[in-house]
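Here's the letter readout for the chains.
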Amino acid sequence: MNAQPATALRAEWIDIGQLDDIPRQGARTVKTPGGDIAIFRTMDDQIFALWDRCPHKGGPLSQGIVHGHAITCPLHNWVISLENGEAQGHDSGCVHRFRVKIEAGRVLLDGAACSANAA
Amino acid sequence: MKSRLVVVGNGMVAGRALEHLLATAPETYQVTVFNAEPRVNYDRIMLSPVLSGEKTYDDIIIHDDNWYADRGIKLHKGQKIVAIDKAFKTVTSAEGIIAAYDKLLIATGSSPIVIPVPGHDLPGVLTYRDLDDVEAMFTSAAKGGSAVVIGGGLLGLEAAAGLRARGMAVTVLHLMPTLMERQLDTAAGFLLQREFESRGIKVLTQADTKAILGTTHVEAVELKDGSLLPANIAVMAVGIRPNVTLAREAGLTVNRGIVVDDGMATSDPDILSIGECVEHRGICYGLVAPLYEMARVVAARLSGNRQADYAGSVTATKLKVTGIDLFSSGDFSEGDDREEILLRDAAGGIYKRLIIKNDQIIGTVLYGDTRDGTWFLDLLKRGTDISGMRDTLIFGQQYAGGSPLDPMAAVAALPDDSEICGCNGVCKGTILLAIATQNLASLGDVRSHTKASASCGSCSGLVEQILTLSLGDAYKPAAVQPICGCTDLGHDDVRRLIAVKHIKTIPAIMQELEWKTSSGCAKCRPALNFYLLAAWPGQYQDDSQSRFINERVHANIQRDGTYSVVPRMWGGMTNARELRAIADTVDKFSVPAVKVTGGQRIDLLGIRKEDLPAVWADLNAAGLVSGHAYGKALRTVKTCVGTDWCRFGTQDSTGLGIRIEKFMWGSWTPAKVKMAVSGCPRNCAEATCKDVGVICVDSGYDIHFAGAAGLDIRGTEILCHVDTEDDALEMIVALVQLYREQGRYLERIYKWAKRTGIQTIKDQIVEDAEKRRMLFDRFVHSQSFAQSDPWAERVAGNEAHEFHPMADFVFGKAAQ
Ligand code: SRM
Ligand SMILES: Cc1cc2nc3c(=O)[nH]c(=O)nc-3n(C[C@H](O)[C@H](O)[C@H](O)COP(=O)(O)OP(=O)(O)OC[C@H]3O[C@@H](n4cnc5c(N)ncnc54)[C@H](O)[C@@H]3O)c2cc1C
Ligand code: SF4
Ligand code: FES
């Protein structure tokens, strides 16, 4: 776990660890004052960051199964697009996304996200 | 008397034409075949896998000597025809054999072009056309050294990859700026070049060969810019030229190829021609698909059908280098009158481009992901108006609402000797033969004639697909329920194909069985993970990302995102030490709820994910291990007190329950498996509504199975009666193993039993002692890899990432 000094909160991009800390087709969480953020890594090594709360009944999306660029919620199997946070199929609802990027194998999360309050 | 048909050239197309002809008019002709190559008919396009070592010559033979002998065909191997006498209707071979014909079929194929640079005739300058060329390359490669391949088209690149696989240092010279420029656009050509370079093959584009240097043998290749490339062999793969000399000298009309009409007749109506040597409507083809069309037409014509016509073809190219997926078809040049749809995924190495004109696809280039190639080609050929699906077109068929991919592809691709029915050892070839020779038309027919699918029935889907393959639309198979939207294959087909094709990873299943999505979905991935685990115990590396969260972290997720923890209590027995450890754990971690479950054990509810390893460590210390309350696995074996205490008990039901649980815990199953052992027919352990239940009686043990008390309520069926505990254990283990091998993912035992039949199961477990023993042994083998406490593994640090956040900014704030 990386405990971050408070000064980091002001940076535009915050280094939260390396890409390989997240398993392919898996997820890790980042704890923030506003709640947990789920960081997903897909099969093709892209990463996505979403609130770790399913729009259905708040299920922890980070605990679901990652497939393609989507996540299936562990509680009642809603499928949420990682690209736009929208529930797929007949379900409707949307999860807030955060900017996240990979640079030289490090995962950088939008600084604003780490200090944001619950949405 | 039969008419005489003489065939000149025995390549791929002649062979195909003969097959069609014998199928439609087996008695019409006395057939004589001349072939310049001293061998039978083989699959020329598979020479590249032979060169790379992935196949042998024997693997690629299409018709062996017996094939000709059995059909009364005279094959002259190594006999080149040098003259045709149209007036007397004869052909003459180089060795002077003369054969008379009523109909003559010329299928002489084409020859590689050799550019006449100085040194082109040195030993060590090779071409790439037949087995002799491949053997010459083998010989050189065995000595090591370097090879220069001149020509970066399909053949040149396959040769280069093959020689590299054989261990040579390889350079490809290509005259144009990008590889395969006739089939690929610049971007895809570039990706291809990068892929070749990453395999250690040097690629020089815009490289113009000036001379091949050497005194007695090739030593180097010199380019026009003066550079010198050392080489032990130089392979010329710059193009092909139709073999027309024979036809031209006989006075037939010849342009670039032998000119034929739509009925494949040359300028002499008794002489027909097909294959790479012909020119049809101004086009010479160099790929087998259109040539096979010609073969069909010429066979129909020779059988007397005057209507059969060949109308030309649109071709598509695929490169056969393992690990490179590339597809192109049609016209992909740029122009003002056309638009394009492009998809690039650099990280995934994927490039797709569709060229559209007047709302129709006119060209396709796919690199990296070619699964939709055939679909795009089909749209192109049909001239389908794509305006309605334009937005999603590039993503392929699954998003565009087209008809699903051909589910037959995987079955069609199986070799004849692959086993379809595991129970009765019946191969694909046997089934095909029976269908053809005995006019079989239904699944029932195939079952009674070949025994395929007559036992467990799990291969029925495959047998039906084989029926469809041979009978076409005449056969209407029962609909198979696909696993999910990612495939058209059902559970049984996938399990069977995993076994016959020896597929050992999830990505390989998706590749080989043509999954429609890049990485499956939450429905198919857990199923595939289980099927692989069951098929290859000890070999398959479990994919935790393909498991539902409960099985990934070995606890049950709760509605608020916390977890519950249920340790095993063997047979429902516990003691003070275990209870004390549970109580201490509850205190230490402030566990909000403790409950006695319906499965005779204790559930600790509301534990934070981060605390799980520490909770387990404490429970482990008291000897408590995972109860798999979360898994598609053995759950509980409930027992009653039995002879130990009960005044009615007939046997040691508690002891047997514990013995079964200790023997079988840790095994993964298609769905959860719950058991119970009751000490007498009063049945206090509720054994008659379990997946497997035992009712002890004075004379021994009644074994029950296929009960349920969840979504459905069902009393069990009786499997058998046995006299001893040992026999009871063997029966139960064999039963569960059979279920592990045949059950569909998430299908409880009672549903499996209903599908396959109670009697079928009894036949295999109770009646067949040998099969029972083998099932038992297979279960024991798989248990040797499964019986390790997943909690202890995680306490020891396994999958640690699951239990810690990646970063914690709340802590950061608190520290402030
Ligand atoms: C804890 C327990 C209830 C209790 O407090 O007693 C329980 C709890 C759950 N059951 Fe159960 N079942 C429990 C005994 C039963 C029983 C009784 C038994 O085992 O004798 C049944 C009926 C018998 C049967 O299965 O035929 C039972 C039939 C089900 C079903 C219906 C299964 C079916 O195929 O019809 C489900 C749903 C499912 O599996 O899809 C289910 C699913 C669940 C799940 C896993 C729901 C879920 O997916 O989250 C619950 C998990 C709670 C948790 O986090 O621990 N539970 N569940 C019992 C745990 C037993 C154990 O020690 O392992
Ligand atoms: C290495 C390699 C890879 C290929 N890969 C593919 C591919 O992936 N996909 C694809 O569609 N196509 C591929 N091709 C092309 C394909 O093999 C040809 O299109 C096909 O073989 C042409 O069939 P054919 O019967 O016309 O000619 P051939 O198969 O060449 O057969 C002609 C035969 O006639 C014999 N012959 C010639 N003259 C005489 C004579 N005067 N008397 C007696 N016999 C004679 C020749 O010896 C030869 O055996 C590949 C070709 C090669 C060499
Ligand atoms: S019956 Fe089982 S699944 Fe239903 S609420 Fe109770 S524990 Fe949960
Ligand atoms: S909470 Fe996610 S599907 Fe119900």
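The structure under discussion appears in the preceding block.
Conventions used here
- Residues numbered from 1 in each chain as written.
- Chains lettered and ligands numbered in written order.
- Predicted model: local features only at pLDDT ≥ 70, side-chain atom pairs only at ≥ 80, totals over all residues.
- Heavy atoms only, no water.
- Salt bridge = Lys/Arg side-chain N within 4 Å of Asp/Glu carboxyl O.
- Helix = DSSP H or I, 4+ residues; strand = E, 2+ residues; numbered from the N terminus.
- Buried < 20%, exposed > 50% of the residue type's maximum accessible area, 1.4 Å probe, protein only.
- Contact = heavy atoms within 4.5 Å.
- Polar contact = N/O pair within 3.5 Å; in protein donor to acceptor, adjacent residues only side chain to side chain.
- Near = heavy atom within 4 Å.
- Areas by Shrake-Rupley, 256 points an atom, 1.4 Å probe, with all protein chains shown as cover.
- Nonpolar A, V, L, I, M, F, W, Y, C, P; charged D, E, K, R; others polar.
- Pairing = 2+ DSSP bridges.
- Axes fitted to C-alpha atoms, helices over the stretch in contact; angles between N-to-C directions.
- Patch = residues over 30% accessible without salt bridge, like charges linked within 9 Å, V, L, I, M, F, W, Y side chains within 5 Å.
- Lys, Arg positive; Asp, Glu negative; His and termini not counted.
- Charge placed at Lys NZ, Arg CZ, Asp CG, Glu CD.

J.: Describe in detail the pattern of salt bridges, supporting the description with residues and values.
T.: Residues and elements named next belong to chain B. Within this structure, the stated rule accounts for 49 salt bridges over all chains. Put simply, R748 and D691 hold a salt bridge, and the shortest N to O gap is 3.1 Å. Of this pair, R748 sits in the loop between helix 24 (725-742) and helix 25 (749-756) while D691 sits in the loop between strand 35 (673-678) and strand 36 (692-697), and the two are 57 residues apart along the sequence. A single burial state applies to R748 and to D691, both of which are buried. Across the pair R773 and D777 runs a salt bridge, and its minimum N-O distance is 3.7 Å.

J.: Describe in detail the interface of chain A and chain B, supporting the description with residues and values.
T.: Contacts between the two partners involve 38 residues from chain A, matched on the other side by 35 residues from chain B. One can count one salt bridge joining chain A with chain B. As a salt-bridge pair, E610 of chain B and K31 of chain A come within 3.5 Å of each other at their nearest N and O atoms. Inspection of the chain A/chain B interface yields 15 residue pairs in polar contact (both at pLDDT 80 or more). Going through the elements one at a time, strand 1 (2-3), strand 2 (13-18), strand 3 (26-32) and strand 6 (65-67) of chain A are the ones with two or more residues in the side of chain A that touches chain B. Among the elements that make up the side of chain A that touches chain B, the one with the highest residue count is strand 3 of chain A (six residues).

J.: Talk me through the site of ligand 2; I want residue IDs and the actual numbers.
T.: Residues and elements named next belong to chain B. Every one of the 30 residues lining ligand 2 counts as a neighbour, but R44, R129, E276, V288 and K320 are closest to it. A36 is positioned such that a nitrogen or oxygen atom in its backbone is 2.9 Å from a nitrogen atom of ligand 2. Here a nitrogen atom of ligand 2 and a backbone polar atom of I81 are 3.0 Å apart. Relative to its unbound accessible surface of 990 Å², ligand 2 loses 93% to contact with the protein. For the shell around ligand 2, the elements supplying multiple residues, two or more each, are helix 1 (12-24), strand 2 (29-35), helix 5 (154-165) and helix 8 (288-302). In terms of residue class, the shell around ligand 2 is built from 13 nonpolar, ten polar and seven charged.

J.: Kindly report on the sheet that holds strand 26 (residues 350-357) of chain B, identifying the contributing residues and their values.
T.: All names here are of chain B. Spatially, the five strands line up as an open sheet ordered 23-24-27-26-25, and their pairing is antiparallel. Single-partner strands in this sheet number two, and they are strand 23 (316-318) and strand 25 (339-345). The average undirected angle you get between the axes of adjacent strands in this sheet is 15°. The sheet contact formed by strand 23 and strand 24 (residues 326-330) spans three bridges and is antiparallel. The partner of K318 across the bridge, within strand 24, is F327. The sheet contacts of helix 9 (residues 373-382) involve strand 23, strand 24, strand 26 and strand 27 (360-367), and relative to strand 27 the element is tilted by about 160°.

J.: Residues and numbers for a negative patch on the surface, please.
T.: Residue and element names in this part refer to chain B. Taken together, the side chains of D763, E767, D768 and E770 define an acidic patch exposed on the protein surface. Structurally, D768 is set in the loop between helix 26 (758-767) and helix 27 (769-786). You can call D768 partly exposed: its relative accessible area is 32%.

J.: Which residues make up the side chain of D133 of chain B, and what values do they have?
T.: Residues and elements named next belong to chain B. Following the sequence through the fold, D133 ends up in helix 4 (residues 131-142). The charged side chain of D133 is buried without a salt bridge, its nearest counter-charge being R44 at 7.0 Å. Residue contacts for D133: discarding those within four places in its chain leaves T127 and Y128.

J.: Now, about the pairing of strand 18 (residues 233-236) of chain B: what can you tell me, with residues and values included?
T.: Residues and elements named next belong to chain B. Alternating residues of strand 18 divide into I233 and V235 and A234 and M236, and every residue in both groups is buried. In this structure, strand 11 (residues 125-126) lies alongside strand 18, joined through two bridges in parallel fashion. Residue pairing across strands places L126 opposite V235, the latter belonging to strand 18. Sheet topology note: the strand 12 (residues 146-150)/strand 18 ladder contains four bridges and is parallel. Following the sheet pairing, A147 is matched in strand 18 by I233.

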